[in-house]
Amino acid sequence: MDQVLLSLFFLQLESGRGEFLSTLLDPPSQISIDASIRGLEEIGALKSLSGVMEMTPLGIHLARIPAPPRIGKLLVMGSLLGCRNVAVTVAASLCTTRSPLQRVSGIFSKVDMREGRDQRIIDERDNILRNVGNSDHLLVAHAFSRWKKSDNVGKKQACEILGLIPAAMWEIKQLHTQLAASLAQAGFPDNEMSNINSTSNRVVRA
């Protein structure tokens, strides 16, 4: 609803009172519309001016990005803070239909090869988490960067070492390409300044 409503505001078909939505065969309730408006206000996409809801400059940018507004804000803020490509990766991973991380369990006995493999994956992930600041989102971003830079053999090895699901990684890559292109079209290109803080985990977490 948030994404649809923001698009309708952008097209000047809605003011939040249901002018366009009420004409649908199965219109949403005003309660649902009001809840979406509150959510869009919370992220700064809409503001009330003399009792009338209007789009903010941020809202205009978010309406141009084909992603849920909260994901769009992650992309815009990532670009403004100089960690664009990391933000695109995190956004792509949040938009996937499944987690790229295989479920693994800790080891209790070295005899079982499966358990031994799981423990090695856990240890490798723990090493990354210590470096990126204990963030699951940055763990995925680091894993994707490592996977993306590799050839086909290296991609397979990365999946084995980190316990990654190959199909999910390809899905992230496709979404990464789409979101990066949409972000560039919205006025946030991929350049040196947009990635100047990409190695600063503190800025990325912010």
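Here, every reference points to the structure presented above.
This write-up is about the structure you can find in this document. (Residues numbered from 1 in each chain as written. Predicted model: local features only at pLDDT ≥ 70, side-chain atom pairs only at ≥ 80, totals over all residues. Heavy atoms only, no water.)

### Looking at the overall build of the protein chain
- Scanning the protein chain from terminus to terminus reveals 10 helices and two strands.
- Across its three principal axes, the protein chain shows a C-alpha extent of roughly 70 × 40 × 30 Å.
- By residue count, 41% of the 206 residues in the protein chain fall in the buried class.
- The long-range share in the protein chain, meaning contacts at least 24 apart out of those at least 6 apart in sequence, stands at 59%.
- Taken as two groups, the 23 positive and 20 negative side-chain charges of the protein chain have centres that lie 6 Å from each other. (Helix = DSSP H or I, 4+ residues; strand = E, 2+ residues; numbered from the N terminus. Buried < 20%, exposed > 50% of the residue type's maximum accessible area, 1.4 Å probe, protein only. Contact = heavy atoms within 4.5 Å. Lys, Arg positive; Asp, Glu negative; His and termini not counted. Charge placed at Lys NZ, Arg CZ, Asp CG, Glu CD.)

### Some details on the state of the cysteines
- Within the structure shown, the criterion is met by zero disulfides.
- Counting only cysteine sulfurs, Cys83 is the nearest neighbor of Cys95, a cysteine outside any disulfide, at a range of 17 Å.
- A relative accessible area of 29% places Cys95 in the partly exposed class. (Disulfide = S-S within 2.5 Å.)

### Thoughts on the packing of aromatic side chains
- Going through the model one piece at a time under the given rule, you end up with two aromatic pairs.
- Relative to Trp170, the ring of Trp147 has its centre 4.9 Å away and its plane inclined at 80 degrees; by these criteria the two rings are edge-to-face. Taken as a pair, Trp147 in helix 7 (residues 136–148) and Trp170 in helix 9 (residues 166–185) lie far apart in primary sequence, 23 residues in all.
- Given a relative accessible area of 45%, Trp170 falls into the partly exposed group. (Phe/Tyr/Trp six-rings, centres within 6.5 Å; stacked < 30°, edge-to-face > 60°.)

### Thoughts on helix 4 (residues 69–80)
- Helix length check: helix 4 (12 residues) gives 16 Å between terminal C-alpha atoms against 16 Å at 1.5 Å per residue, within 8%.
- Among the residues making up helix 4, those that are buried are Pro69, Ile71, Gly72, Leu75, Val76, Gly78 and Ser79.
- Contacts from the buried residues of helix 4 go to helix 1 (2–10), helix 2 (30–42), helix 3 (57–63), helix 5 (84–95) and helix 9.
- Phi turns positive, to about 80 degrees, at Gly82, one or two residues after helix 4. (Expected span 1.5 Å × (residues − 1).)

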